[in-house]
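The primary structure of each chain is shown beneath.
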Amino acid sequence: MKFKYLSILILSVLAVIAIPIEGRADYHDSLQYNTDTIEVILAKDTMKRIGLVKRVIRYFSETNKKSTKKFDISFIGGPNYSSDTKLGIGIVAAGLYRTSPDTLTSLSNISLFSNIAVSGYYSLGIRGNTFFNEDRWRIDYLAKFISFPTDTWGFGYKENDIEANKSSYLRIQTLVKADVMYRIFKNTYVGTSVRFDFIKGSKYKSERYDLITKAARGYSLGAVLVYDSRDFIPNPYKGSFVKLTQDNFTTFTGKPFFRTSLIANKYLQLAKNTIIAFDLYTEFNYGATPWQMYSQLGGSYRMRGYYEGRYNDNNMVEMQMELRQKIYNRHGIAVWVGAGNIYGDCN
């Protein structure tokens, strides 16, 4: 990705988070309620003296205040670094809202996210959880597009462990999925899962990969069972989340393939600003699974530190424990420990 695009994005972030929303409100209040000309001039001078850093600090201070708006939206952006994507910058717009005026319906949430890195990586997506009719109905959804200059070491653990198999390539991925669920017991939902995957590999540097199938599509209609007692979905302090999903994929041109996945999370509040979180994730693929949709160890959510895609196979089990400590407002620190295994008989 060209550096000029990164520069434009950085400037855009600063422009968004530096808008003096509260300052403008104070200024308009001065015009409306203060007839003294000197007071108006002082208000204008105060606005001129507020620098970029103070505007950013003010923005983050105000966004931590509770809001009574029907749709509460906030923005956050900042730099990030990983061994996969290198130095990058991300922007997130997050919103909270209710689909019903009653308080028996939980807050719904939506997030628009994007990231761009100097390696050429970029992504754009939307995710959320929407509740209806006193939480009787629920829709969880995710849609994202990723362009990722990355590496592959082949297919299956045995090939992955051979450094000579390494080849750089460009991975293009589109994912759209939604779970439509109905509550059958307290905190327990059952429903239908629909999903579309498109993954394509191109620009391989090694001739070893000239003959492989470069792209794969999968359309799935499956089932999902969820138990969710988290107190606040975007940032839980306590509760449990268990999700069992059965995906049944078809390509309409080839043989079907299947995936069974399980997520089991537990959150405990040790102190006012201290949380410990446990996560178990398993994924099992069977049938004529295309290599592009093998389970992959690593990434930004689990087994962080492992190069995403270095190890891939039909089956995967991951566990991790994370300690989160809030320091001040949005700022905090987290430490974690994890273990994972990838295995199978991919062909």
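Remember, it's a predicted structure, so these values are computed and weren't measured experimentally.

## A closer look at the overall build of the chain
- Looking only at helices and strands, one finds five helices and 15 strands in the chain.
- Out of the 347 residues belonging to the chain, those deemed buried represent 39%.
- Sequence separation of 24 or more characterises 54% of the internal contacts of the chain that already satisfy a separation of 6 or more.

## Let's talk about the pattern of salt bridges
- Within this structure, the stated rule accounts for twelve salt bridges.
- Of the charged contacts in the structure, one is a salt bridge between glutamate 134 and arginine 136, with a shortest N-O distance of 3.6 Å.
- Since its relative accessible area comes to 30%, arginine 136 is described here as partly exposed.
- The partner of aspartate 228 in a salt bridge is arginine 230, and the shortest N-O contact between them spans 2.8 Å.
- Residues joined in a network through salt bridges with shared partners are Arg138, Asp140, Asp228 and Arg230.

## With respect to the side chain of asparagine 165
- The topology assignment puts asparagine 165 in the loop between α5 (157-160) and β6 (167-185).
- Among the residues examined, asparagine 165 registers a relative accessible area of 11% and is labelled buried.
- At 3.0 Å, the side chain of asparagine 165 forms a polar contact with the backbone oxygen of glutamate 159.

## Brief notes about a nonpolar patch on the surface
- A contiguous nonpolar surface patch, about 800 Å² in accessible area, is contributed by Phe132, Trp137, Val180, Tyr182, Ile184, Phe185, Val190, Leu225 and Leu244.
- With four residues, the top contributor of residues to the nonpolar patch is β6.
- Assignment of secondary structure puts tyrosine 182 in strand β6.

## Here we look at the nonpolar core
- Among the nonpolar cores identified, the biggest contains 14 residues, and Met181, Tyr189, Val226, Leu297, Met316 and Ile342 are the most heavily contacted of them.
- Those residues within four positions of tyrosine 189 in sequence are excluded, and the remaining contacts are Phe131, Asp135, Arg136, Arg138, Met181, Tyr182, Arg183, Val224, Leu225 and Val226.

## Considerations on the environment of phenylalanine 198
- With respect to the secondary-structure elements, phenylalanine 198 resides in strand β7 (residues 188-202).
- Phenylalanine 198 gets classed as buried once you look at its relative accessible area, which sits at 17%.
- With 17 residues separating them along the chain, phenylalanine 198 and alanine 215 place their C-alpha atoms 7.4 Å apart.
- If we skip the residues at most four places from it in the chain, phenylalanine 198 touches Ile172, Gln173, Thr174, Ala215, Ala216 and Arg217.

## Concerning the packing of aromatic side chains
- Under the criterion given, the structure shown has twelve aromatic pairs.
- Look at tyrosine 169 and tyrosine 204: their rings are 4.9 Å apart centre to centre, the planes differ by 0°, and that puts the pair in the stacked class. Of this pair, tyrosine 169 sits in strand β6 while tyrosine 204 sits in the loop between β7 and β8 (215-228), placing them 35 residues apart in sequence.
- Residue classification places tyrosine 169 among the buried positions, given a relative accessible area of 7%.
- Judged by its relative accessible area of 14%, tyrosine 204 falls in the buried class.
- The side chain of arginine 304 reaches across the aromatic face of tryptophan 336, ending 4.0 Å from its centre.

## Looking at the confidence of the model for the chain
- Counting all residues, the mean pLDDT for the chain is 81, and 79% of those residues have values of 70 or more.
- Taken element by element, the chain is modelled with least confidence in helix α2 (residues 21-33), mean pLDDT 35, and with most confidence in strand β9 (residues 239-250), mean pLDDT 97.
- The low-confidence segment residues 1-48, where pLDDT is below 50, has 44 contacts with residues more than four positions distant or belonging to other chains.

## Focus: the pairing of β8
- With burial as the criterion, only one face of β8 is covered, namely that bearing Ala216, Gly218, Ser220, Gly222, Val224, Val226 and Asp228; the residues Ala215, Arg217, Tyr219, Leu221, Ala223, Leu225 and Tyr227 on the opposite face remain uncovered.
- Relative to β8, β7 runs antiparallel, the two being bridged by 13 bridges. Each residue of the ladder has a partner; that of aspartate 197, found in β8, is glycine 218.

## Here's the deal with the pairing of strand β11 (residues 274-287)
- In terms of strand pairing, strand β10 (residues 257-271) meets β11 through 14 bridges, oriented antiparallel. Note on β11: the bridge partner recorded for isoleucine 263 is tyrosine 281.
- Remark: two residues form the turn of the hairpin made by β10 and β11, two consecutive strands paired antiparallel.
- Of the strand pairs in this sheet, β11 and strand β14 (residues 315-328) are connected by eleven bridges, and their pairing is antiparallel. Across the sheet, residue tyrosine 281 finds its bridge partner in β14, namely glutamate 318.

## Some remarks on the environment of glutamine 320
- The residue glutamine 320 is located in strand β14 in this model.
- Judged by its relative accessible area of 14%, glutamine 320 is buried.
- C-alpha of glutamine 320 to C-alpha of aspartate 279: the two residues are 41 residues apart in sequence and 5.3 Å apart in space.
- When near neighbours in sequence (up to four residues on either side) are disregarded, glutamine 320 contacts Ala277, Phe278, Asp279, Tyr301, Arg302, Met303, Arg304, Trp336, Val337 and Gly338.

What counts and what doesn't
Residues numbered from 1 in each chain as written. Predicted model: local features only at pLDDT ≥ 70, side-chain atom pairs only at ≥ 80, totals over all residues. Heavy atoms only, no water. Helix = DSSP H or I, 4+ residues; strand = E, 2+ residues; numbered from the N terminus. Buried < 20%, exposed > 50% of the residue type's maximum accessible area, 1.4 Å probe, protein only. Contact = heavy atoms within 4.5 Å. Salt bridge = Lys/Arg side-chain N within 4 Å of Asp/Glu carboxyl O. Polar contact = N/O pair within 3.5 Å; in protein donor to acceptor, adjacent residues only side chain to side chain. Patch = residues over 30% accessible without salt bridge, like charges linked within 9 Å, V, L, I, M, F, W, Y side chains within 5 Å. Areas by Shrake-Rupley, 256 points an atom, 1.4 Å probe, with all protein chains shown as cover. Core = buried A, V, L, I, M, F, W, Y, C linked by side-chain atoms within 4.5 Å. Phe/Tyr/Trp six-rings, centres within 6.5 Å; stacked < 30°, edge-to-face > 60°. Lys NZ or Arg CZ within 6 Å of the ring centre and 35° of its normal. pLDDT = per-residue confidence, 0-100. Pairing = 2+ DSSP bridges.

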